[in-house]
Amino acid sequence: MSGPVLLTGAVGRIGAVLRGGLPERGWAVRSLDVVPLPDPRPGEEHVVADVTDPAAMAEAVSGASAVVHLAGVSGESTWAAISHANIDGTHCVLEAARRAGVPRVVLASSNHATGFTPRPASGLLREDDGLARPDTFYGVSKVAVEALGALYADRYGLDVVCLRIGTAAAEPTTTRHLSTWLSPRDQVSLVDAALRAPSPGFAVVWGVSANTRGWWDLTAARALGYEPADDAEAYAAALVGVHGEPDLADPVHGRVGGEFTTADFDAEH
Ligand code: 15L
């Protein structure tokens, strides 16, 4: 594969993990963020740019073999902030990729695109079970991210893989995370699979580890080549010891989006 992978949002939590992990899997990385990289690695290209700036993005995608687009607001905020960073930003990234002939874009979606979806009475929840059911303005923006990805795949022939990420964190810190955790090494494995899968076309896949308590179906992600290595169950005894067993009647455990779906959730979270 020629040309680096352009990684937007490189200074963020997942960006930092991928900057370390993708080169170990053979990918050259061009890191982009609105702030300078505090710690560029040997051989790492780095760019300071805003993903909503078309001219800057046209330059940033030049010569890239793929884009992994993580940049944006990563939780609830005002509509103005969310729609600009996440929707306008994703449009700008996809448009720059299309114009430059970059064949593949991996988009960070989120479980919150479908946050109000209830836990099924039995079996696992597939990505295409039901309508988009966002739980916040943030969730709406991720529905739009997926829709923009579909448009650019169907109309322009780009390969676009949307990752509906659960909880990307160093380790689980709540009992919900026992179901939703995506470990650092599985973040790398998932993105590596999304970059490597032969001709995925348009795909939406859950992004979680192989959690014993997981209830989001990983069949589609595994079909891309994702092989999760971690299981949040290793943290279960400690977390359940402090917080008790999850009550599945509680929306925090009974809906995809957890606490984002509760009545008192707001942008302060
Ligand atoms: C997300 O999409 C957020 O970016 C992250 O901060 C967490 O809230 C995560 O979802 C989650 O659902 O745990």
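Scroll up for the structure.
Residues numbered from 1 in each chain as written. Predicted model: local features only at pLDDT ≥ 70, side-chain atom pairs only at ≥ 80, totals over all residues. Heavy atoms only, no water.

(A) Structural context of helix 1 (residues 13-24). For helix 1, every residue scored as buried is listed here: Ile14, Gly15, Leu18, Arg19, Gly20, Gly21 and Leu22. Just downstream of helix 1 lies glycine 26, where phi reads positive at about 95 degrees. (Buried < 20%, exposed > 50% of the residue type's maximum accessible area, 1.4 Å probe, protein only. Helix = DSSP H or I, 4+ residues; strand = E, 2+ residues; numbered from the N terminus.)

(B) Representation of the packing of helix 3 (residues 79-100) against helix 4 (residues 137-156). Where helix 3 meets helix 4, the closest approach of the two axes is 9 Å, and the angle between their N-to-C directions is 15 degrees. In terms of orientation, helix 3 and helix 4 fall into the roughly parallel class. Two packed elements cross with a definite hand, and for helix 3 against helix 4 that hand is right-handed. Contact residues: Trp79, Ile82, Asn86, Ile87, Thr90, His91, Leu94, Glu95 and Arg98 in helix 3; Phe137, Tyr138, Val140, Ser141, Lys142, Ala144, Val145, Leu148, Gly149, Tyr152 and Tyr156 in helix 4. (Axes fitted to C-alpha atoms, helices over the stretch in contact; angles between N-to-C directions. Parallel < 35°, antiparallel > 145°, perpendicular 65-115°, else oblique. Left-handed = near helix turned anticlockwise from the far one by under 90°. Contact = heavy atoms within 4.5 Å.)

(C) Examining the side chain of serine 189 more closely. Relative to the assigned elements, serine 189 resides in helix 6 (residues 184-196). Since its relative accessible area comes to 12%, serine 189 is described here as buried. Once you skip the residues sitting within four places of it in the chain, serine 189 turns out to touch Arg25, Tyr226 and Glu227.

(D) Inspection of the site of the ligand at higher detail. Taken together, Arg13, Ser74, Ser110, Asn111, His112, Tyr138, Gly166, Thr167, Arg176 and Phe260 are the residues near the ligand. Contact distances for the ligand include 2.7 Å between an oxygen atom and a side-chain N or O atom of serine 110. Histidine 112 places a polar side-chain atom, nitrogen or oxygen, 2.7 Å from an oxygen atom of the ligand. Bound to the protein, the ligand loses 81% of the 320 Å² it would expose on its own. More than half of the atoms of the ligand fall within 2 Å of the grid points belonging to the largest pocket. Taken together, the residues of the shell around the ligand break down into 2 nonpolar, 6 polar and 2 charged. (Near = heavy atom within 4 Å. Polar contact = N/O pair within 3.5 Å; in protein donor to acceptor, adjacent residues only side chain to side chain. Areas by Shrake-Rupley, 256 points an atom, 1.4 Å probe, with all protein chains shown as cover. 1 Å grid on protein atoms, 1.4 Å probe; cavity = no way out; pocket = protein on both sides within 12 Å on 5 of 7 lines; lining within 4 Å. Sits in = over half its atoms within 2 Å of the grid points. Nonpolar A, V, L, I, M, F, W, Y, C, P; charged D, E, K, R; others polar.)

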